Amino acid sequence: MMEEFTPKNWFWIVAGDESKAWSSAAGAYVSEFSSGRVTRIANEVELFDVLSRLKLTAKGPSRTFTVEEVREALLRIDAEATGSASSAAELLAVAESIEFNLPPAL
């Protein structure tokens, strides 16, 4: 049974890895989490965007993302807008145009 969504205390299973979940309370991966408070998400780039929109940017993944990781995430979201963009600057422009929040370090 799903619990009421509580952004500051929620879990995300990232990229299908059921062994851990990202915790918005901890701002890190945890191995124990409630199955009633979990959402599945494709990757950490999309997770960062979700947490940013919830005003929880500080609780999102803070590692450096590769250009390829960002490109793959943007292709999943809007392949047409992403097109052949492949440099950090081009991908930042795509993200801005589709109102997608990218992590600060790219």
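Residues numbered from 1 in each chain as written. Predicted model: local features only at pLDDT ≥ 70, side-chain atom pairs only at ≥ 80, totals over all residues. Heavy atoms only, no water.

Caption draft 1: Here's a closer look at the overall build of the chain. When helices and strands are tallied, the chain shows three helices and four strands. Counting helices and strands in the order they occur from the N terminus, the chain gives β-β-β-β-α-α-α. Since a compact globule built from 106 residues should have a radius of gyration of about 13 Å, the 14 Å found for the chain is in line with a globular shape. Its C-alpha atoms give the chain principal-axis dimensions of about 40 × 25 × 20 Å. Scored against the burial criterion, the 106 residues of the chain give a buried share of 36%. Considering only intrachain contacts with a sequence separation of at least 6, the fraction spanning at least 24 residues in the chain is 49%. When the accessible surface of the chain is summed, it comes to about 6,100 Å², and 51% of that surface belongs to carbon and sulfur atoms. Mean positive and mean negative side-chain charge positions of the chain (10 and 16 charges, respectively) differ by 6 Å. (Helix = DSSP H or I, 4+ residues; strand = E, 2+ residues; numbered from the N terminus. Rg over C-alpha atoms; globule rule 2.2 N^0.38 Å. Buried < 20%, exposed > 50% of the residue type's maximum accessible area, 1.4 Å probe, protein only. Contact = heavy atoms within 4.5 Å. Areas by Shrake-Rupley, 256 points an atom, 1.4 Å probe, with all protein chains shown as cover. Lys, Arg positive; Asp, Glu negative; His and termini not counted. Charge placed at Lys NZ, Arg CZ, Asp CG, Glu CD.)

Caption draft 2: Molecular detail of the environment of Gly 16. By secondary structure assignment, the location of Gly 16 is in the loop between strand S1 (11–14) and strand S2 (21–23). Along the sequence, Gly 16 and Arg 37 sit 21 residues apart, while their C-alpha atoms lie 16 Å from each other.

Caption draft 3: Local environment of unusual backbone geometry. For Ala 15, which is not glycine, the phi dihedral falls at a positive 55 degrees. As for its placement among the helices and strands, Ala 15 is situated in the loop between S1 and S2. With phi around 65 degrees, Lys 55 is a residue other than glycine that occupies positive phi space. Here Lys 55 shows up in the loop between helix H1 (44–53) and helix H2 (67–82).

Caption draft 4: Expanded view of the nonpolar core. Of all hydrophobic cores here, the largest spans eleven residues; its members are Val 45, Phe 65, Val 70, Ala 73, Leu 74, Ala 85, Leu 91, Val 94, Ala 95, Phe 100 and Leu 102. Those elements that provide at least two residues to this core are H2 and helix H3 (88–97). If near-sequence neighbours (up to four positions away) are discounted, Ala 85 is found in contact with Arg 71, Glu 90, Leu 91 and Val 94. Among the nonpolar cores identified, the runner-up in size contains eight residues, and Trp 12, Trp 22, Leu 47 and Leu 56 belong to it. (Core = buried A, V, L, I, M, F, W, Y, C linked by side-chain atoms within 4.5 Å.)

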